Amino acid sequence: MEVERETTRNSLVFAVNGQRFELSTVDPSTTLLEFLRLHTRFKSVKLGCGEGGCGSCVVLLSKYDPMLDLVEDFAVSSCLTLLCSVNGCSITTTEGLGNSKDGFHPIHQRFAGFHASQCGFCTPGMCMSLFSALVNAEKASRPDPAPGLSKLTVSEAEKATLGNLCRCTGYRPIADACKSFACDVDVEDLGINSFWRKGDTKEVKISRLSLYGRNDDICTFPKFLKKEFNSTVLLNYRSNSWHAPVSVKELQKLLEIHDAKDGSRIKLVVGNTGTSYYKELEHYDQYIDLRYIPHLSITRRDQTGIEIGAAVTISKAIEALKDECKGEFYSEGEMVIKKIAGHLEKLASGFVRNTASVGGNLVLAQKHSFPSDISTVLLAVDSTVNVITGSRNEMMSLEEFLERPPLDCRSVLLSAKIPYKALKKTLSSGSNTKLLFETYRAAPRPLGNALPYINAAFLVEVSPCKTSGGIVLHTCQLAFGAYGTKHAIRARKIEVFLTGKVLTIGVLYEAIKLLGTTVVPEDGTSRSAYRSSLAIGYLFEFFSPLTEARPEMFSNWLYGFNSSLLFKYSTMKQNKDQLGRVKVPTLLLSAKQVMELSNEYHPVGQPIIKSGAAIQASGEAVYVDDIPSPTNCLHGAFIYSTKPLARVIGIRINSKSLRNEVAAVISVKDIPEGGQNIGSKTIFGTEPLFAAEVTQCPGERIAFVVADTQKHADMAANFSVVDYDMENLESPILSVEEAVERSSFFEVPPFLFPKQVGDISKGMAEADQRILSSEMNLGSQYYFYMETQTALAVPDEDNCMVVYSSIQCPEYGHAVIARCLGVPEHNVRMITRRVGGGFGGKAIKAMPVATACALTAHKLRRPVRIYVNRKTDMVMAGGRHPMKITYSVGFKSNGKITALELKILINAGIFPDISPIMPRNILGVLKKYDWGALSFDIKVCKTNQISRSAMRGPGEVQGSFIAEAVIEQVASTLSMEVDSVRKINLHTYDSLSLFYESDIGLPADYTLPSIWDKLGTTSSYNLRIRMIGEFNKSNKWRKRGISRVPIVHEVMVRPTPGKVSILSDGSIVVEVGGIDLGQGLWTKVKQMAAFALSLIQCDGARDLLEKVRVVQSDSLSLVQGGFTAGSTTSEASCEAVRLCCNILVERLTPLKDRLQEQMGSVEWKMLISQAYVQAVNLQASTLYVPNFTSMEYLNYGAAVSEDFHIYKQGG
Ligand SMILES: Cc1cc2nc3c(=O)[nH]c(=O)nc-3n(C[C@H](O)[C@H](O)[C@H](O)COP(=O)(O)OP(=O)(O)OC[C@H]3O[C@@H](n4cnc5c(N)ncnc54)[C@H](O)[C@@H]3O)c2cc1C
Ligand code: FES
Ligand code: FES
């Protein structure tokens, strides 16, 4: 059925949080996210990946169906959704749920109250995913829940944020916040939160949660929009147009007209999620939205099966497939589509599936060799497709479609049909055949966004063999895909081989041999051996029970392949049963946290809500890229080297369309006189802002292109062409081995070089056994902070520059900018309020980003900002240091290690960054065991690669890994339980003093052995070991493991400044050197200020917490801010604040005593107002410098992990 167009409007109408928007000129390539962030005040939608992979941009999209008078609400990723496709829709962002002024929504309150937001960059997206789940649960016909709860179930709540990535918080508090709304929640299952008090009953606990009123919830679709619904849109913007045809005929006409126009580039679009993988460098003239054509947008049923329109979203297709088998009893064909629906649910995430179409997926597979799941599962069930090319309409098998040359833009996929009612091929009367069907998929994560390494779907028709007593295969359809192949394939040779055969192990073995030559990943496919072996595993898993099946069980196969019935008769039953019992749940386990709280230093130590958590959830928190652009602001993007060592001859922007948009290309030539080419500094040296004549590594900054928008700047950088010349240049150093050959090293200052312990030859001589020259290689790792690097530089009067930066060390960034611009440091001000995740990556690596903006702003006298795109960020980030380790270890027969000799080659990249601290950090942790004698040769290699930087426990992670790998190898050589080898090699107090140079304290301070034992008891470690041993003995295919690992961490406290000011109304403002990266530094500082000022002991002084505000770091207001790193900046900042407060208390005490004498008691507010009258100085600042004994000390801990259970104990 084709419908007539009701009206066509030349403007786009939609609503955001109830506000109407009408736009008549829109660049069709604009995404919803771009529009919201650039043209509205709703900046809660964050750009994390721009690829549908992180969920930080999730919003609720609501559509109205006037026929049914129903509103459909679903979560979408706004980074992929094109703005033009939201015509007639309503969008709700987290700002639309509530705010600090009008009141937060319970979702905001619970995210804050369950401590589910740290840096907060992911939180708005999380809130919207949960909101979408709640809105839809309320529509379900389920009984009304208890007051304060919703109709959401725990299982739905756990899945509500699937696909939303959080890099800080950990998912348990997030899941707890979601589950707290569920009607079937067991509140005892929820973790620590700020709502409940100790001893509260279940009922009280529920009542203390921020109230969720189901009926007074948000209106997701405003009334006014319902009236404007019935129109499609035709928009023109410069030379581009957006069309929304309402019939196939109209579509054909459009294609015909525009095809005739020379060079007109057409893009068919449905959900636009394909741009996640295939970036659009190309510029399209015509966008044709296929979603308004009913033929493409509905599912149809006939006597053979179900036909899914190409524009039907994957979510809708799943619903339709499930609808086919709603009854209690379903046919074999229905069993097939139920399994297909189940497979489709594993693909992407809900907010992608809600807009991604089935047709789009198949076309991506056909045109771009996309590793599609849909094409594989549909291929196995003989699906067909309907395609039009011009006026030709063709029906063909999916297999033929996939094998054709890539579709051109005139061809449109109309639908795909699953002939599930006609799958049985053996139709002779009296035949006793059954259909068996299964689908398979292996991906880095079972649920959530992860493309498959391989997928497969098998459909067979079998019957009992009367003569042999086995199972005979009548038909066999085996599809494999995504394994590094152009498209999904049918394993025809194996199908032919198996058809008609009685299944035996011998037959299966031959089939597996054939599979080895069929599923062959293309050259260059990652993990190709793994993928091939998975294919074999799937075939074996599917067929092997059949080789053991007997005819008498056959009649029990109700719905085709029912593995438990098969296994009932199988010799593998025992294994399978055990597997079933211990199956690790795919979602979350419950957990318990035990904390000891004390009121002694109230409110220090109380688990209060993180400062700013609620405004992070409501989207009001302002990150650098949320600061509105000043007038005339330009946006920048880096042009970086793609060569390891090359002379840069020239840089061009190869795009005519960006001629007017690009304002300048800034490079080393633009460093002003008196300025330096400096992009970052550490105590070990500096790194240039731009490559000078010769670029020294891929990823090195060559230039900074600035344009009118971030999108144009990114496009310009993409279109840039750098001309290189490599003549007469040495070959680059690309590996640590080459660095050794050419003696290319960074120097490690002697004070940072760790000391060797004992006599290695003696230690080796004492050993009963030795492992010599064992080798391991550790790779790199990217930070994946949700907010990429970002800065905004605004020129100020008198040659000054204000720079807003998401940085962990503003003091250093400030100094670098001043040196680069050649101005005194007092001309620069660096402001940092909030960082959307740092993990070390925003320490050194944030400096050149801010400096490039400042330099350009300085030169052009215009504000300049950047939000680095994820790809560039990944290329330039550096990340964790890769390294090669060679070790020899000597040990006694009882597992006691007598000597460890290490050679470590650290790949530091081209500039020193923080790399010279690596030997110290690696060894600091590695010395957690008593190695007897320890010698090492550590080289910090300089290579022509991007410089590596601080990354979450730099060196410490690797040090611990190396130590544990050595211990494990010793245990395995001796066939000993690894835990006992760990234990025997734990330090005594004496050996500890030999290994560590820092103050190790008194013997009683060495708590590791007692932590170790206590943890063994509280985790029932020995009992678990026995149980696991028994499990592993009786399980052939699956093994479990447990391990208890100690840690010794050398804590280092650095000097940190603080400033506390009391304002005339008694409110308090605090500045500290430390930056809140999400770790809660501001919260601790607030608590400390409230505690320390409460020592004045006047009325109301115990309730000062709410009066304290910590404000952004401003490098001119508070100097010597230092680094926020190493897990001690919160404590150091707190101490600085405590010292300031002590000064203030001392100044206020005489006045307080006087007032108390006069009036009997004095209120905090009165005290302060009198202090103002009497000119008491109410601002104090200090630089906290730790004394020698507290500057460096050892910290101990241990953890047990078994499968996914973790028992932790720290000391
Ligand atoms: C984060 C993420 C994870 C994903 N994970 C998986 C996964 O695990 N497994 C999997 O199989 N897929 C996965 N996908 C792919 C997803 O299924 C596809 O991106 C989606 O189905 C494409 O549909 P769309 O409507 O968005 O297509 P669009 O992006 O709108 O279009 C894609 C391409 O197809 C063309 N096109 C669209 N419809 C038609 C038509 N009817 N006729 C002709 N050409 C057409 C477009 O011009 C474009 O070239 C994932 C996608 C994302 C973003
Ligand atoms: S999913 Fe949109 S930014 Fe990551
Ligand atoms: S709080 Fe989730 S990414 Fe930082």
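Residues numbered from 1 in each chain as written. Chains lettered and ligands numbered in written order. Predicted model: local features only at pLDDT ≥ 70, side-chain atom pairs only at ≥ 80, totals over all residues. Heavy atoms only, no water.

Engineer: Before we move on, can you summarise the domain arrangement of the protein chain with the specific residues and values?
Structural biologist: For the protein chain, the assigned domains read domain 1 (15-223), domain 2 (243-549), domain 3 (622-985) and domain 4 (1056-1185). Each of domain 1 and domain 3 has a C-alpha centre, and these two points are 37 Å apart. Opposite the 19 residues of domain 1 that make contact, domain 3 presents 17 residues. Summed over both sides, the interface of domain 1 with domain 3 buries roughly 1500 Å², with 55% coming from carbon and sulfur. Area buried by domain 1 at its contact with domain 3 is led by C119, F121 and R167, which between them contribute 42% of it. Applying the counting rule to domain 1 against domain 3 returns four salt bridges. Put simply, D625 and R37 hold a salt bridge, and the shortest N to O gap is 3.2 Å. (Domains from an automatic or database assignment. Contact = heavy atoms within 4.5 Å. Buried area = accessible area lost by both parts, 1.4 Å probe. Salt bridge = Lys/Arg side-chain N within 4 Å of Asp/Glu carboxyl O.)

Engineer: Please give an account of the pattern of salt bridges that cites residues and values.
Structural biologist: One side chain can pair with another of opposite charge once the charged atoms of both are near each other. Applying the stated rule across the entire model yields 56 salt bridges. For K205, the salt bridge goes to E188, with nearest N and O atoms at 3.3 Å. You can see K205 sitting in helix α6 (residues 202-208) and its partner E188 sitting in the loop between α5 (171-179) and α6, a full 17 residues away along the chain. For R1138, the salt bridge identified is with E1135, shortest N-O distance 2.9 Å. Separated by three residues within a single helix, R1138 and E1135 lie in helix α36 (residues 1129-1159), roughly one turn from each other. (Helix = DSSP H or I, 4+ residues; strand = E, 2+ residues; numbered from the N terminus.)

Engineer: Outline the packing of aromatic side chains, supporting the account with residue identities and numerical values.
Structural biologist: If you walk through the whole model with that rule in mind, you get 28 aromatic pairs. Judged by centre distance (5.6 Å) and plane angle (10°), the rings of F14 and F21 are stacked. Between Y782 and F784, the ring centres sit 5.6 Å apart and the planes meet at 80°, which makes this aromatic pair edge-to-face. Taken together, the ring pairs in this structure connect Y440, F458, F480, Y538, F542 and F543 into an aromatic cluster. For R834, the ring lying beneath its charged end belongs to Y623, and the centroid distance is 5.7 Å. (Phe/Tyr/Trp six-rings, centres within 6.5 Å; stacked < 30°, edge-to-face > 60°. Lys NZ or Arg CZ within 6 Å of the ring centre and 35° of its normal.)

Engineer: Provide a residue-level description of the environment of N164, including the pertinent values.
Structural biologist: Tracing the backbone through its elements, the reader meets N164 in the loop between α4 (154-159) and α5. For the pair N164 and F351, spaced 187 residues apart in sequence, the C-alpha separation works out to 9.2 Å. Discounting chain neighbours no more than four positions away, the residues touching N164 are C54, G55, V58, G125, M126, S129, Y171 and F351. In terms of polar contacts, N164 uses its side chain to reach the side chain of S129, at 2.8 Å. (Polar contact = N/O pair within 3.5 Å; in protein donor to acceptor, adjacent residues only side chain to side chain.)

Engineer: Describe in detail the sheet that holds strand β29 (residues 745-746), supporting the description with residues and values.
Structural biologist: Spatially, the five strands line up as an open sheet ordered β29-β37-β36-β35-β30, and their pairing is mixed. For this open sheet the edge positions go to β29 and β30 (769-778), each flanked by a neighbour on one side alone. Here β30 runs beside strand β35 (residues 883-891); their pairing, made up of eight bridges, is antiparallel. Bridged to N777 within β35 is K884. Relative to β30, helix α30 (residues 956-974) is tilted by about 140°, and along the sheet it contacts β30, β35 and β36 (897-909). (Pairing = 2+ DSSP bridges. Axes fitted to C-alpha atoms, helices over the stretch in contact; angles between N-to-C directions.)

Engineer: Break down the UniProt feature "binding site: Mo-molybdopterin" (unreviewed entry) in the protein chain for me, with residues and values.
Structural biologist: Per the UniProt record, "binding site: Mo-molybdopterin" (unreviewed entry) is found at Q808, F839, R952 and G1126. The named residues occupy 319 residues along the chain; their greatest pairwise C-alpha distance, 12.8 Å, places them in one compact cluster. Relative to the helices and strands, F839 resides in the loop between β33 (828-832) and α27 (846-860). Residue class for F839 comes out buried when judged on its relative accessible area of 15%. When near neighbours in sequence (up to four residues on either side) are disregarded, F839 contacts R167, C168, Y783, F784, Y785, Q808, A950, M951 and R952. (UniProt positions renumbered as here; feature names shortened; annotations may be inferred. Buried < 20%, exposed > 50% of the residue type's maximum accessible area, 1.4 Å probe, protein only.)

Engineer: Any chance you could break down the packing of helix α10 (residues 314-324) against helix α11 (residues 332-344) for me, citing the residues and the numbers?
Structural biologist: Their axes nearest at 8 Å, the elements α10 and α11 cross at an angle of 155°. Taken as axis vectors, α10 and α11 run roughly antiparallel relative to one another. Classified by chirality, the crossing of α11 by α10 is left-handed. Within the contact between the two elements, α10 uses I314, I318, L321, K322 and E324 and α11 uses E334, I337, I340, A341 and L344. (Parallel < 35°, antiparallel > 145°, perpendicular 65-115°, else oblique. Left-handed = near helix turned anticlockwise from the far one by under 90°.)

Engineer: Could you give an account of the sheet that holds strand β40 (residues 1068-1072), naming the residues involved and the relevant values?
Structural biologist: Across the sheet, which stays open at both edges, the four strands sit in the order β41-β40-β39-β43 with mixed pairing between neighbours. The open sheet has two edge strands with one neighbour each: β41 (1108-1110) and β43 (1179-1184). Taking the axes of each pair of neighbouring strands and ignoring which way they run, one obtains an average angle of 20° across the sheet.

Engineer: Explain the pairing of strand β13 (residues 306-309) to me, and be specific about the residues and the numbers.
Structural biologist: Going residue by residue along β13, you find I306 and I308 tucked away on one face and E307 and G309 tucked away on the opposite face as well. Across three bridges, strand β12 (residues 299-301) lies against β13 in antiparallel orientation. Counted as the bridge partner of R301 is I306 from β13. Where β12 folds back on β13, the antiparallel hairpin that results is connected by four residues. One ladder, built from four bridges, connects β13 with strand β16 (residues 411-418); its direction is antiparallel. When the sheet's bridge partners are listed, I308 is paired in β16 with A416.

Engineer: So what's going on with the nonpolar core? Which residues, and what values?
Structural biologist: Core analysis: the largest hydrophobic core is formed by 114 residues, its most contacted members being F111, I340, F401 and I418. Ranked by the residues each element gives to this core, the list is headed by helix α3 (residues 123-139), at nine residues. Contacts of I418, omitting those with residues within four sequence positions, involve T304, G305, I306, I308, L321, I337, I340, L378, V381 and S383. Counting 57 residues, the second-largest nonpolar core is a separate cluster that includes V748, I904, I922 and L1194. (Core = buried A, V, L, I, M, F, W, Y, C linked by side-chain atoms within 4.5 Å.)

Engineer: How would you explain the packing of helix α35 (residues 1081-1094) against α36 if you had to name every residue and give the values?
Structural biologist: Here α35 crosses α36 at 25°, and the two axes come no closer than 8 Å. Taken together, the axis directions place α35 and α36 in an arrangement best described as roughly parallel. Like other packed secondary-structure pairs, α35 and α36 cross with a definite hand, here right-handed. Two secondary-structure elements touch here, α35 through L1081, K1084, V1085, M1088, A1089, A1092 and L1093 and α36 through T1129, S1130, E1131, S1133, C1134, V1137, R1138, C1141, L1144 and V1145.

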